Amino acid sequence: MTYTVAEASEIVGISRHLLYKMIKNGEAPACKVGRRILIKKDSLDKWLNNLERT
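Residues numbered from 1 in each chain as written. Predicted model: local features only at pLDDT ≥ 70, side-chain atom pairs only at ≥ 80, totals over all residues. Heavy atoms only, no water.

**As for the nonpolar core**
Argument step 1. With 10 residues, the main nonpolar core is built from Y3, V5, A8, L19, M22, I23, A28, I39, L44 and W47.
Argument step 2. Broken down by element, the residue count for this core peaks at three residues, all from helix α2 (residues 16–24).
Argument step 3. The contact partners of M22, leaving out residues within four places of it in the chain, are I14, E27, A28 and W47. (Core = buried A, V, L, I, M, F, W, Y, C linked by side-chain atoms within 4.5 Å. Buried < 20%, exposed > 50% of the residue type's maximum accessible area, 1.4 Å probe, protein only. Helix = DSSP H or I, 4+ residues; strand = E, 2+ residues; numbered from the N terminus. Contact = heavy atoms within 4.5 Å.)

**A look at the pairing of strand β3 (residues 36–40)**
Argument step 1. Strand direction decides the pairing type here: strand β1 (residues 2–4) and β3, joined by three bridges, are antiparallel. In the strand pairing of β3, T4 is matched with L38.
Argument step 2. When strand β2 (residues 31–33) meets β3, the two strands line up antiparallel, connected through three bridges. Of the residues in β3, the one forming a bridge with V33 is R36. (Pairing = 2+ DSSP bridges.)

**Quick look at helix α1 (residues 5–12)**
Argument step 1. Within α1, burial applies to V5, A8 and S9. Along the axis of α1, the buried residues cluster in a sector spanning 100 degrees; they form a single face.
Argument step 2. Where α1 is buried, its residues touch β1, α2, β3 and α3 (41–53).
Argument step 3. One or two positions beyond α1, positive phi appears at G13, with a value near 90 degrees. (Arc of directions from axis to C-beta.)

In structure tokens form, the structure reads like this:
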């Protein structure tokens, strides 16, 4: 399962703009499929778990 940036930003509780910026800087997981940027559910879960530990 994948999320769009808009869906992932709602789940995480941050703005789309901030999530796009974090993806661009390599701070958040994402993959580009054509013109779309998608975030795998597993990658998002792992990223959130790592944030909680730090």
